[in-house]
Every structure is written in structure tokens, then in C-alpha cells.
Amino acid sequence: MVNINYTPTLAIIENSMKIVKRVLKFIAIFIGIFLIFIAIVVFVDKQNTNYLKVKNIKFANNNSFLITNVNIIPMNQDTILVDKMVYIKDGLINNIADNIKIKDVEIINAKNKYLTPGLIDMHVHIWDRYELGLYLSNGVTAVRNLWGMPMHLRLKEDINNDEIISPMFFTTGPKLTGPEFIGDDNLQLVNPTEAKEKVISYKKRGYDFIKTYYGLTEDIFDAVIEQATISDMDIVAHPSQKVPYSYHFNPQIKSIEHTEEIIQQPLNYKLDSLKLKEVINNFAKSKHSYFSPTLTVYNNIYQMLIDDNILESEQLQFMNPLIKRVDSKAQFERWYTTKLRDSSIVKVIKTQHDFHLKIIDKLHETGVTFICGTDAGIGVTIPGFSIHQELAFYKEAGLSNYEVLKTATINASKTHSIMNNMGTIEVGKVANLILVDNNPLSNLSGLQNPSTVFIKGRKLNRKTLDSFEKQAKNRNNLIASAVRYLENLIIEK
Ligand SMILES: [Zn+2]
């Protein structure tokens, strides 16, 4: 009797097991195909930037040159060394003199030209390899990426192994913020123990610096600073709103970012000159931190407000397509609808930008050291090109051309010990140099479209630099960029 009842039940179970197995198999195949698809998309995107590969570029084999008849702007002193020779040997500046006798080296006659250190952008967001070519094309020979993801570790490895032609590349880890959720673009820390673990893990994995973000609470921030000091990791701070502004004047924090944060926090969103005095005095008392103004990214809000077609502009064709479709569009729409509701916003933003210039002027009087940072790579702030705008704003704020150029050369290189080997034209420094037709100390616009860029001694002429721009224009790597972003969300959270 028992058997009669048992047999059909077993059959049903066996049958349903078969169905489950089939479904699982189907899911496994689907996931497999999906992963292969993703791998191909990412691989193809990398292949498409093979024009940056050292082994594919004929002239990249040579990193020794003799530059003759050149006017040097060395940037370790306010002077021009007229009609000199510079010997670059194996990617380093080997000798600077009136006359250098050397055999078997390619000579570059730079008569009437000016040689300056390559520019350094200390606040960028990199999304793909095409951007590296855009930075080089604009004379930027080193970048500090301030939103680290796994893709940046791979990129850094390829650059440091000399596989691709690129600006020298430094990156923070993911942005560290506090327990409160403020979007998926940062890492939420819930307690001091976790904070310390993250600092240790980022160091181990190869991130260069720690980036702190605006929601960090004091107890967690203290833990980050404590561990960063022990682990010898420099901190770059987007000021946290949860601690007093002056909290950031800490020897482990090597640079403080964004002028608008001064208004949003210590000035409590008011353009208050009297309160500003207090803030400036606090800066004066502290000798630790360098300041990265990022005036361009804020001013670009104004640019979005006055140009309804900015998303279709030629400049935006150089933006990463994912950023363009998501971030640039969202930012534009946000400000466009704000303007429709209340048109006075245009003037408000412009007035605040002008106040930023005033802040820079006051900080400058106080003796604060500036480092040039654009925040390129998000919104409508274009990689590479925007550095010239940023420098022009420092000039407008009241810095001399020499002081402006310092922000993107010697000052930047002094921020972190791992960047000390660049930023000036001196014997022993890495040969990251730009050659321009007009004296940038007379007019900063002379830095645009350098005729030649040397990166680790390798010579890139204007034709090559223009081709980097062409390759990056209207690139089609939306899915690959999205995959890399998703990878970050999965791995870093
Ligand atoms: Zn940023």
C-alpha cells in the first residue's frame, strides 16, 4: 500500500528537480554569455586606445634628446634662462648649460621657444584611457585622480610599467564618507574600526592617497587620520560638513579642495566678507595644507545657465559618453529647471563665482599655497582643456603669471613626496616638459596647444597630440564605462 502512494510522489519530485536543473542551467548559460559580453566590451574599449601603447608608437623608443637654443622657465626661481641647452637622457633631465657637447643624440632646435615644466592637474576624475591623450594634448603631464576605483589601479599599473603613453598618474582610493547615505559615489564608513581597516586595505591595494568626503563624522575622521598617519598615506580632503572647517588643518591632510566649500561651511552659504576674514586668519595660522580652488567646475554652473545648448557644444564631444549621458545631462537639467522657476539664479551663481575670486585673492595675500585643480571629468568640465581656464581664473583673482604657473608645476609637485621628482626644470628631475612658442610669463594663453610635449623624455609633437584629440572626440564607449562603474560598486562597497 505504501509503495503505491510513494511511486507517483517520487516521480513528481524527480520531474520538478529536472525542471529546476534546466532553469539553473539556463541561468548559468545566460550569466556566462553576459560575462563574456562584458569582457569583450571592456577588452574592445582597451584595444581602441592602443594608439597610446608605447610599443605601437615608433618614436616612443627614444627618450634622450638635446634641446638647443631654448628659453627655460625653470619654475624653481622667477627667471628665464635665455638661450640654453637641455640634455634629456633616458627620460631624465641630465644637464642644463650654455653649451653641451654630446654625440649620437637627436637634436631639437628650439630657437625662440620656451620650455616649461609639464602642467599638473591636482583634481581630476578619469573614466577612460582616451582622457589621458586629452591631458597630454593640453600640456598636462601629471594628474591626481580623486575618486579611485579598481579600474584606476589597473590603469596605474599599465602607466607605471611604461605600457602606455600617459600623464604620470596618481590616485586616491574611493571617497570616504560617514554613516549617512549621500549617494553611491562614495564609501560609507559606519565606525572608526572600519575606517582604519579601509585605510590599511587601500594602502595595500596600491591607492596612493586617501580621499575624505563631506559626510565624515569626527570620530570616524579621527580614525582615518590616525591610521593614515601610521600607514604613511597622505589625505586629500573634500571638506566634511560634520566637523569644523579648521579641523582640516591637519598635517596629514596635504590638500583641501574646493573654494565653494568655504562659503558652504564656515560662511554658512553667505557671501560674508567679515566672516571670511576669520576663515582667512585660520588659514594664516595653519601652515600645513595646500589649497586646490577648483574654480572652473563651479563657474561651469554659470556656463550651463547662460548656454542652453552647452550639451551639444563641441567641447562636450570630448567628454566620456557615460558622464555626458548621466552626469552632464543631470547637472544641466537641474540648473535649467532652477532657472525656469527663478531666473535670478543666474546672477546668484555669477556673484558667488566672483566672490570665489575674492577668496583666492585674500588667501593669496595670506600666503596660502595653491595647487591647480579643475575637477575635470564631471559635469561639463572637460579633461585637459579646462586647466587653461582654471589658470586664467587664478590670474583674474590677482596672482601674477609666475605665481599662477607655480600652482600647476612646483607647488603641485611639493604636495606629496611621491610627486617631488617633477614640477621644475632641474637636473635629476623627470623630463616632463612642454615647449611653447610664446612666453607664458607674459601671457598664460601661451601654454595652450604646446608645440611639443615631453613625457618621461618621450617627445610628442603637435601632430601626434592632435591625433589624440581626434581619437577621443565622440568616442563610443558608453557600455564599457558603465561596466567599470558597476565593477566599482560591486567591489568597493
Ligand atoms: Zn572632484
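Quick look at the structure, then. Because the structure is predicted, anything quoted here is derived from the model rather than measured. (Residues numbered from 1 in each chain as written. Predicted model: local features only at pLDDT ≥ 70, side-chain atom pairs only at ≥ 80, totals over all residues. Heavy atoms only, no water.)

**Some thoughts on the overall build of the chain**
Right, on to step 1. Counting secondary structure elements, the chain contains 15 helices and 16 strands.
Right, on to step 2. Taking 493 residues into account, the globule formula puts the C-alpha radius of gyration at 23 Å, and the chain, at 26 Å, falls close to it.
Right, on to step 3. Dimensions of the chain, computed from C-alpha atoms along their principal axes, come out at roughly 110 × 60 × 50 Å.
Right, on to step 4. In the chain, which comprises 493 residues, the proportion classed as buried is 55%.
Right, on to step 5. Counting only contacts in the chain whose residues sit at least 6 apart along the sequence, the fraction spanning at least 24 positions is 72%.
Right, on to step 6. Looking at the chain as shown, the accessible area adds up to about 22100 Å², and 54% of this sits on carbon and sulfur atoms.
Right, on to step 7. Of note, the chain has its 56 positive side-chain charges centred 4 Å away from the centre of its 52 negative side-chain charges. (Helix = DSSP H or I, 4+ residues; strand = E, 2+ residues; numbered from the N terminus. Rg over C-alpha atoms; globule rule 2.2 N^0.38 Å. Buried < 20%, exposed > 50% of the residue type's maximum accessible area, 1.4 Å probe, protein only. Contact = heavy atoms within 4.5 Å. Areas by Shrake-Rupley, 256 points an atom, 1.4 Å probe, with all protein chains shown as cover. Lys, Arg positive; Asp, Glu negative; His and termini not counted. Charge placed at Lys NZ, Arg CZ, Asp CG, Glu CD.)

**Re the coordination of the zinc ion**
Right, on to step 1. Listed as protein donors to the zinc ion are H123 (NE2), H125 (NE2) and D375 (OD); their distances from the metal cover 2.1 to 2.2 Å.
Right, on to step 2. Spacing between the donor residues of the zinc ion along the chain follows H-x1-H-x249-D. Of this pair, H125 sits in the loop between β6 (119–124) and α2 (130–137) while D375 sits in the loop between α10 (345–366) and α11 (386–397), and the two are 250 residues apart along the sequence. D375 shares its class with H125; the two are buried. (Donors = N, O, S within 2.8 Å, 3.2 Å for Na, K, Ca; no water.)

**Overview of the packing of aromatic side chains**
Right, on to step 1. By the definition in use, this model includes 16 aromatic pairs.
Right, on to step 2. When the centroid spacing of 5.8 Å and the interplanar angle of 45° are considered together, the rings of Y51 and F468 count as tilted. Placement of the pair is Y51 in the loop between α1 (2–47) and β1 (65–72) and F468 in helix α14 (residues 462–472), with a sequence separation of 417 residues.
Right, on to step 3. Residue Y51 is classed as buried on the basis of its relative accessible area, which comes to 16%.
Right, on to step 4. Between F283 and F291 the ring centres are 5.7 Å apart and the planes differ by 90°, which places this aromatic pair in the edge-to-face class.
Right, on to step 5. Accessibility expressed as a relative area gives 2% for F283, which makes it buried.
Right, on to step 6. One aromatic cluster in this structure is built from Y245, F249, F283, F291 and F370.
Right, on to step 7. A cation over an aromatic ring shows up here: K175 above the ring of W147, its NZ or CZ 4.1 Å from the ring centre.
Right, on to step 8. Against the face of Y302 rests K350, its NZ or CZ located 5.9 Å from the ring centre. (Phe/Tyr/Trp six-rings, centres within 6.5 Å; stacked < 30°, edge-to-face > 60°. Lys NZ or Arg CZ within 6 Å of the ring centre and 35° of its normal.)

**A look at the pairing of strand β8 (residues 168–177)**
Right, on to step 1. Burial analysis of β8 places 10 of its 10 residues in the buried class, the great majority of the element.
Right, on to step 2. Note that β8 and strand β10 (residues 209–212) share 3 bridges and pair parallel. Looking across to β10, one finds that T172 is bridged to F209.
Right, on to step 3. One ladder, built from 2 bridges, connects β8 with strand β9 (residues 187–188); its direction is parallel. Bridge pairing in β9 places L176 opposite L187. (Pairing = 2+ DSSP bridges.)

**With respect to the packing of helix α3 (residues 150–160) against helix α15 (residues 478–492)**
Right, on to step 1. Where α3 contacts α15, the two axes come as close as 8 Å, and the packing angle between them is 110°. As judged from the angle between their axes, α3 and α15 are roughly perpendicular. Residues P150, M151 and R154 of α3 lie in contact with α15, whose contacting residues are R484, E487, N488, I491 and E492.
Right, on to step 2. Considering only residue class, the contact of α3 with α15 consists of 3 nonpolar, 1 polar and 4 charged. (Axes fitted to C-alpha atoms, helices over the stretch in contact; angles between N-to-C directions. Parallel < 35°, antiparallel > 145°, perpendicular 65-115°, else oblique. Nonpolar A, V, L, I, M, F, W, Y, C, P; charged D, E, K, R; others polar.)

**Digging into a nonpolar patch on the surface**
Right, on to step 1. Together, I19, V20, V23, L24, F26, I27, F30, I31, F34, L35, F37 and I479 line one region of the surface with nonpolar side chains, adding up to about 1200 Å² of accessible area.
Right, on to step 2. The element that contributes the greatest number of residues to the nonpolar patch is α1, accounting for 11 residues.
Right, on to step 3. Relative to the elements of secondary structure, I27 occurs in helix α1.
Right, on to step 4. Accessibility expressed as a relative area gives 39% for I27, which makes it partly exposed. (Patch = residues over 30% accessible without salt bridge, like charges linked within 9 Å, V, L, I, M, F, W, Y side chains within 5 Å. Salt bridge = Lys/Arg side-chain N within 4 Å of Asp/Glu carboxyl O.)

**A few points about the nonpolar core**
Right, on to step 1. Grouped together as the largest cluster of nonpolar side chains are 113 residues, with contacts concentrated most on L119, I165, I262, F283, F291, L363 and L391.
Right, on to step 2. Top contributing element to this core by residue count: α10, with 8 residues.
Right, on to step 3. Apart from residues no more than four positions distant in its own chain, I262 is found in contact with Y245, L267, L276, V279, F283, F291, I359 and L363.
Right, on to step 4. Counting 15 residues, the second-largest nonpolar core is a separate cluster that includes V70, I72, L115 and L435. (Core = buried A, V, L, I, M, F, W, Y, C linked by side-chain atoms within 4.5 Å.)

**Points about the pattern of salt bridges**
Right, on to step 1. Scanning all chains against the criterion turns up 23 salt bridges.
Right, on to step 2. Of the charged contacts, one joins D354 and K350 as a salt bridge, the two residues approaching to 3.0 Å between their closest N and O atoms. One end of the pair is D354 and the other is K350, both in helix α10 and 4 residues apart, which spans about a single turn.

**Examining helix α7 (residues 273–285)**
Right, on to step 1. Relative to the 18 Å expected for 13 residues at 1.5 Å per residue, α7 spans 19 Å between its end C-alpha atoms, a close match to the ideal helical length.
Right, on to step 2. Taken as a whole, α7 has its buried residues at L276, V279, I280 and F283. Taken end-on, α7 shows its buried residues confined to a sector of 100°, consistent with a single buried face. Residues of α7 that are exposed and point more than 90 degrees away from the buried face comprise L274, K277, E278 and K285.
Right, on to step 3. Structurally, α7 contributes buried residues whose contacts are with α6 (260–264), β13 (290–292) and α10.
Right, on to step 4. Two or three places before L274, at the opening of α7, D272 has a side-chain oxygen 3.0 Å from that residue's backbone nitrogen. (Expected span 1.5 Å × (residues − 1). Arc of directions from axis to C-beta. Polar contact = N/O pair within 3.5 Å; in protein donor to acceptor, adjacent residues only side chain to side chain.)

This is a description of form; function is not addressed.
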